[in-house]
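# Structural features, examined
The chain contents come next:
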Amino acid sequence: MNRSRIVQIGLVQMQMMNDLEANAQAAIAGVREAAAQGAQIICLPELFRSLYFCQSEDHAHFALAEAIPGPSTERFAALARELGVVIIASLFEKRAEGLYHNTAVVLDADGTLVGKYRKMHIPDDPLFYEKFYFTPGDLGFQVFQTRFARVGVLVCWDQWYPEAARLTALRGADLLFYPTAIGWHPSEKAEYGVAQHQSWETIQRSHGIANGCYVVSVNRTGHEGDPAGGIEFWGQSFLSDPSGTILTKAPVATPGTLVAEVDLARLDVQRTHWPFLRDRRIDAYGDMTRRYID
């Protein structure tokens, strides 16, 4: 009989401002609020330190980047150590002159920088011009052993790729975390908004089902950019279980903190009853490394 292995998960949904320190203080306040509610692993949204600068291609925005380890990792490591919590923080990493990554760090409950994940899939869409700023990740898909659980961290556009979720799960992830910055182009919302959001939620919940693990997706909210256009970030951060059931979900337009419990003992129950990992035909998947089979 499986004994419960309860872990409390915190999701900090944020609305960013054009003030780096105000954003940092909001993130710190969100982490503190989640910890006060019992959260043990707390995730912040993608690139929470600033407005989503990738709406334009502007060399001035490279000044937002920082080294890892660096000022933000030191600040949030101290917070993690003070509160005894794990923090997942998404940062704009300056690796070297002219070399930048979209990177998530994992800070353990003693303040240790356990590791970092560099976003592997980089989008280039209208108002999401990330290829201008970010070099694709070169650290591979990783899992980090923390005090409370083994966490896999992916970032935003990665969430559309079943391969990324699978490879991370195969490394032993109990939970897949997706710091995210996604929203609607306001001109498209009426016609496509519902379908776009449902696709985003469905693909992530399906990763949890296919891999028998929990999924935690933490988005930003609020309108950013040109008042006549820009991006309306849709919030709706959520946590789903290994069957794809949503356990908690944030509103569309409200920043705030959610805390929900997960039972890691569910993973073995789910995977023995729906044994997808057992039945994988790894001998037949060689063509997955091809761009297209033609």
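## A short note on the environment of lysine 249
- Its location among the elements puts lysine 249 in strand E16 (residues 246-249).
- Separated by 11 residues in sequence, lysine 249 and alanine 260 place their C-alpha atoms 9.7 Å apart.
- Sequence-distant contacts of lysine 249, defined by excluding residues within four places in its chain, comprise His197, Glu201, Gln236, Ser237, Phe238 and Leu258.
- Within the local environment of lysine 249, its side chain forms a polar contact with the side chain of glutamate 201, the two groups lying 3.0 Å apart.

## Overview of the environment of tryptophan 234
- Structurally, tryptophan 234 is set in strand E14 (residues 231-234).
- Tryptophan 234 sits in the buried class, given a relative accessible area of 2%.
- Sequence separation between tryptophan 234 and glycine 30 is 204 residues, and the spatial gap between their C-alpha atoms is 18 Å.
- Sequence-distant contacts of tryptophan 234, defined by excluding residues within four places in its chain, comprise Ile182, Gly183, Trp184, Gln196, His197, Trp200, Asn219, Arg220, Pro251 and Val252.

## Brief notes about the sheet that holds strand E13 (residues 221-224)
- Reading across the sheet, the 3 strands line up as E11-E14-E13 and stay open at both edges, with antiparallel pairing between neighbours. Edge positions in the sheet fall to strand E11 (183-184) and E13, since each of these pairs with one other strand and no more.
- This element, helix H4 (residues 186-211), spans E11, E13 and E14 of the sheet and lies at about 30° to E14.

## Here's the deal with the sheet that holds strand E1 (residues 6-13)
- Strand order across the open sheet formed by 6 strands is E5-E4-E3-E2-E1-E17, with mixed pairing between neighbours. If you trace the sheet from one side to the other, it starts and ends with strand E5 (113-118) and strand E17 (256-263), each paired once. Along the sheet, successive strands turn relative to each other by an average axial angle of 30°, direction set aside.
- Set on the sheet, helix H1 (residues 20-36) makes contact with E1, strand E2 (41-43), strand E3 (86-96) and E17; between it and E17 the angle comes to about 40°.

## Points about the packing of helix H3 (residues 162-170) against H4
- Look at H3 against H4: their axes get within 10 Å of each other, and the N-to-C directions meet at 40°. Of the possible angle classes, the one that applies to H3 and H4 is oblique. Helix-helix and strand crossings are classified by hand; for H3 and H4 the assignment is right-handed. Within the contact between the two elements, H3 uses Pro162, Ala165, Arg166 and Ala169 and H4 uses His207, Ala210 and Asn211.
- Of the residues that constitute the contact of H3 with H4, the class distribution is 4 nonpolar, 2 polar and 1 charged.

About the criteria used
- Residues numbered from 1 in each chain as written.
- Predicted model: local features only at pLDDT ≥ 70, side-chain atom pairs only at ≥ 80, totals over all residues.
- Heavy atoms only, no water.
- Helix = DSSP H or I, 4+ residues; strand = E, 2+ residues; numbered from the N terminus.
- Contact = heavy atoms within 4.5 Å.
- Polar contact = N/O pair within 3.5 Å; in protein donor to acceptor, adjacent residues only side chain to side chain.
- Buried < 20%, exposed > 50% of the residue type's maximum accessible area, 1.4 Å probe, protein only.
- Pairing = 2+ DSSP bridges.
- Axes fitted to C-alpha atoms, helices over the stretch in contact; angles between N-to-C directions.
- Parallel < 35°, antiparallel > 145°, perpendicular 65-115°, else oblique.
- Left-handed = near helix turned anticlockwise from the far one by under 90°.
- Nonpolar A, V, L, I, M, F, W, Y, C, P; charged D, E, K, R; others polar.

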